[in-house]
Amino acid sequence: MPPAAERMPWRWLAAGRASRRLVLVVVFVALLLDNMLLTVVVPIVPTFLYTTEYEGANSSVVPARTEPAPPALKAPPFSSMFSYFDNTTVTVSGSTSTAELANGTESSRPPQPPSSSPPPPSGCPEGEEFLAKENVRVGLLFASKALIQLVVNPSVGLLTNRIGYHIPMFIGFIIMFLSTVMFAFSGTYTLLFVARALQGIGSSFSSVAGLGMLASVYTDDFERGNAMGIALGGLALGVLIGAPFGSVMYEFVGKSSPFLVLAFLALLDGALQLCILQPSKISPESTKGTPVSTLLRDPYILVAAGALCFSNMGVAMLEPTLPIWMMQTMCSPKWQLGMAFLPASISYLIGTNLFGILANKMGRWLCSLIGMAVVGISLLCVPLAKNIYGLIAPNGGLGFAIGMVDSSMMPIMGYLVDLRHTSVYGNVYAIADVAFCMGFAIGPSTGGAIVRAIGFPWLMIIIGVINIAYAPLCWYLRNPPAKEEKIAILSQECPMQTKSYTTQKTLRDFPLTDDSDVEAENAE
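Note that the structure is a prediction, hence the values are computed from the model and not measured.

Cut-off values and rules
Residues numbered from 1 in each chain as written. Predicted model: local features only at pLDDT ≥ 70, side-chain atom pairs only at ≥ 80, totals over all residues. Heavy atoms only, no water. Helix = DSSP H or I, 4+ residues; strand = E, 2+ residues; numbered from the N terminus. Buried < 20%, exposed > 50% of the residue type's maximum accessible area, 1.4 Å probe, protein only. Contact = heavy atoms within 4.5 Å. Areas by Shrake-Rupley, 256 points an atom, 1.4 Å probe, with all protein chains shown as cover. Salt bridge = Lys/Arg side-chain N within 4 Å of Asp/Glu carboxyl O. Core = buried A, V, L, I, M, F, W, Y, C linked by side-chain atoms within 4.5 Å. Patch = residues over 30% accessible without salt bridge, like charges linked within 9 Å, V, L, I, M, F, W, Y side chains within 5 Å. pLDDT = per-residue confidence, 0-100. Axes fitted to C-alpha atoms, helices over the stretch in contact; angles between N-to-C directions. Parallel < 35°, antiparallel > 145°, perpendicular 65-115°, else oblique. Left-handed = near helix turned anticlockwise from the far one by under 90°. Nonpolar A, V, L, I, M, F, W, Y, C, P; charged D, E, K, R; others polar. Expected span 1.5 Å × (residues − 1). Phe/Tyr/Trp six-rings, centres within 6.5 Å; stacked < 30°, edge-to-face > 60°. Lys NZ or Arg CZ within 6 Å of the ring centre and 35° of its normal.

Asker: Looking at this model, I keep getting lost on the overall build of the protein. Mind explaining?
Answerer: Along the backbone of the protein there are 24 helices and zero strands. Classification of the 524 residues of the protein by burial places 50% in the buried group. Counting contacts in the protein only where the partners sit at least 6 residues apart, residues at least 24 apart contribute 87% of the total. When the accessible surface of the protein is totalled, it reaches about 23,800 Å², and 67% of it is carbon and sulfur.

Printed below as a string of structure tokens:
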């Protein structure tokens, strides 16, 4: 029947809007795209800046110096080519090389000049000083996203308490789409910096609203842990696909291609949000949430936030520095710069999904403690690698361990609010995202400067030792106490539990007499 057929899509939409699983799908896709954009730039930006700024500057300056030489010298073609090579690599003055060529010293031994100033090994980039400076610049560019997100997150947490999670989630999609398109067509460092900062604003809206929405929909602690594990699986999948996808597309198609693909996927995510979430609907929280300042004074929330910050800081320091270190020491081609992160991404995907369920059984505090210790050990092993295959084990261990920490700490944040504060989740997940962003802000910005000052191996030692030293603090999350007023609320909501305790106390009166059962019934 035509009327029934017309109503079918509307019935599907109505059922979808009431489904918790579709809400989980929306959050999964949003985190996936956000983290694909986060990591797709990792292998692209260092090589793109090297190609456009270093090689571009040298190719434009050097011909101007060598053009006048051929007519004055009448040198054979090979001699003039060698003069061009000398000027680019050894910094020989134009007058000196002109005099040598005029005297015929070079033409008498044409095969010898390369041995006098050996070029760098095949595949290794030139310009060591430029690459050292680029560590700092690339680190600041990567950190700009997290720094902006750090500033915006508290405001987004307050906004979700007032208007709900749906509209901020859709605002995040719009900003992320604009950022992705800007990345595709940016050709300078400044424009790339602005696009990265814009991504931070969109990511703040998406992550805070998405995680808060999940915590409000999945109220049971066990179900919430599973849902958070699946959502963080989207984050892991984005990290997994991003860097290899970006390096391969940049190598074989071009710089704009990966960003245009991500922009198309973002449009699909926006359509999904329009259908499922109804972002025009304002749905404020029924109760007022705990202020951010109060949550920040809770030591247990601070310990959980610190674990998120320091564990993610390790991989954040690797993002700008590892590709440049590989270019300098391993002479890696472009496609390998992204593939180096593949083991970490795959193991992170496995870790978040596995420990979303396991952490609830073995103790989330214990998973976090072990995870931070493994993060530290893995980071200490990274500088020992001599080629890309030597990075597989340490990067794999790093990703798996960060998956353990993230999938344990995200549900703990919601549990701590339930246990010690008001069960409104926007602000606490704003704090969780701030902790995550502090790792990705401090890591790249300081990592590049530390590498330039004391070298890449020392950077890995410093952040590895910090993670190992912080790990024992997770023990304090083993059995966090509830606040007194929260205990009173819980006792009012669960009167049977209080009654059972009083009954047990009454029946434990010794010595037992024949009238003890009657007394117990009267006490009830």
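Asker: Before we go on, may I ask you to explain the pattern of salt bridges in this structure?
Answerer: Two side chains bearing opposite charge may form a pair once their charged atoms approach each other closely. Here the structure, examined in full by the defined rule, presents two salt bridges. Here Arg 20 and Glu 223 are joined by a salt bridge, their closest N and O atoms 3.2 Å apart. Here Arg 20, found in helix α2 (residues 20–40), pairs with Glu 223, found in helix α12 (residues 221–252); they are 203 residues apart in sequence, far enough to count as distant. The salt bridge partner of Arg 420 is Asp 298, with a shortest N-O separation of 2.8 Å.

Asker: Just checking my understanding: could you explain the nonpolar core for this structure?
Answerer: Side chains that are nonpolar tend, in soluble globular proteins, to be buried together. Within the largest apolar cluster, 109 residues are counted, with the highest numbers of intra-cluster contacts made by Leu 318, Leu 322, Met 326, Met 409, Met 413 and Tyr 429. Excluding residues within four positions of it along the chain, Met 409 makes contact with Ala 304, Ala 307, Leu 308, Ser 368, Cys 474 and Leu 477.

Asker: Please clarify how the environment of Leu 391 should be interpreted in this entry.
Answerer: Of note, Leu 391 is situated in the loop between α18 (364–381) and α19 (392–420). In this structure, the C-alpha to C-alpha distance between Leu 391 and Ser 378, residues 13 residues apart in sequence, is 9.9 Å. Filtering out sequence-adjacent residues up to four positions away, Leu 391 remains in contact with Leu 322, Met 326, Met 330, Ala 340, Val 382, Ala 385 and Gly 396.

Asker: When you look at a nonpolar patch on the surface in this model, what are you seeing that I'm missing?
Answerer: Residues Ile 377, Leu 380, Ile 454, Trp 458, Ile 461, Ile 462, Val 465, Ile 466 and Ile 468 make up a contiguous nonpolar surface patch of roughly 740 Å² in combined accessible area. Those elements that provide at least two residues to the nonpolar patch are α18 and α21 (456–470). Broken down by element, the nonpolar patch gets its largest block of residues, six residues, from α21. For Trp 458, the location among the structural elements is in helix α21.

Asker: How should the environment of Ile 463 be read in this particular structure?
Answerer: Mapped onto the elements of the fold, Ile 463 is located in helix α21. In sequence terms Ile 463 and Val 375 are 88 residues apart; their C-alpha atoms lie 9.4 Å from each other.

Asker: How should the confidence of the model for the protein be read in this particular structure?
Answerer: Close inspection of predicted coordinates is inappropriate in any region flagged by low pLDDT. Mean pLDDT over the protein: 75, with 71% of residues reaching 70 or higher. With pLDDT under 50 throughout, residues 61–122 is counted as low confidence; its partners more than four residues away or in other chains account for 34 contacts. Below a pLDDT of 50 lies the segment residues 493–514, which in the model reaches seven contacts outside its immediate sequence neighbourhood of four places, other chains included.

Asker: Is there a simple way to explain the side chain of Ser 203 in this structure?
Answerer: By the secondary structure assignment, Ser 203 is in helix α11 (residues 189–217). Beyond its immediate sequence surroundings of up to four residues, Ser 203 is in contact with Asp 34, Lys 145, Gln 149, Met 176 and Asp 433.

Asker: I would appreciate a short explanation of the packing of α18 against α19 in the present structure.
Answerer: To describe two helices that pack against each other, one gives the angle between their axes and the distance between the axes. The contact between α18 and α19 brings their axes to 8 Å, and the two run at 155 degrees. When the interaxial angle is binned, α18 and α19 end up roughly antiparallel. Viewed along their axes, α18 and α19 form a crossing whose handedness is left-handed. On the side of α18, the interface is formed by Arg 364, Trp 365, Cys 367, Ser 368, Ile 370, Gly 371, Met 372, Val 374, Val 375, Ser 378, Leu 379 and Cys 381, while α19 contributes Pro 394, Gly 397, Leu 398, Ala 401, Ile 402, Met 404, Val 405, Ser 408, Met 409, Pro 411 and Ile 412. Taken together, the residues of the contact of α18 with α19 sort by class into 17 nonpolar, five polar and one charged.

Asker: Got a minute to help me understand helix α13 (residues 256–276) in this structure?
Answerer: Owing to its 3.6 residues per turn, the α-helix aligns residues three or four sequence positions apart on the same side. Here α13 spans 31 Å end to end across 21 residues, near enough to the 30 Å set by a 1.5 Å rise per residue. Turning to α13, its buried residues number three or more, namely Ser 257, Pro 258, Phe 259, Leu 262, Ala 263, Ala 266, Asp 269, Gly 270, Gln 273 and Ile 276. Immediately downstream of α13, the backbone of Gln 278 shows phi near 50 degrees, a positive value.

Asker: So what exactly am I meant to see when it comes to the packing of aromatic side chains here?
Answerer: We describe a pair of aromatic rings using the distance from one ring centre to the other and the angle between the two ring planes. Scanning the entire structure with this criterion turns up seven aromatic pairs. Considering the side-chain rings of Phe 183 and Phe 259, the 5.3 Å spacing of their centres and the 10 degrees angle between planes classify their relative orientation as stacked. Taken together, the residues span a long stretch of sequence, with Phe 183 in helix α10 (residues 166–185) and Phe 259 in helix α13 at a distance of 76 residues. Phe 259 sits in the buried class, given a relative accessible area of 2%. Taking the centre distance of 4.7 Å and the plane angle of 20 degrees together, the rings of Trp 325 and Phe 456 count as stacked. Taken as a pair, Trp 325 in helix α15 (residues 299–329) and Phe 456 in helix α21 lie far apart in primary sequence, 131 residues in all. We classify Phe 456 as buried; its relative accessible area is 3%. We note Arg 137 situated over the ring of Tyr 189; from NZ or CZ to the ring centre the distance is 4.4 Å.

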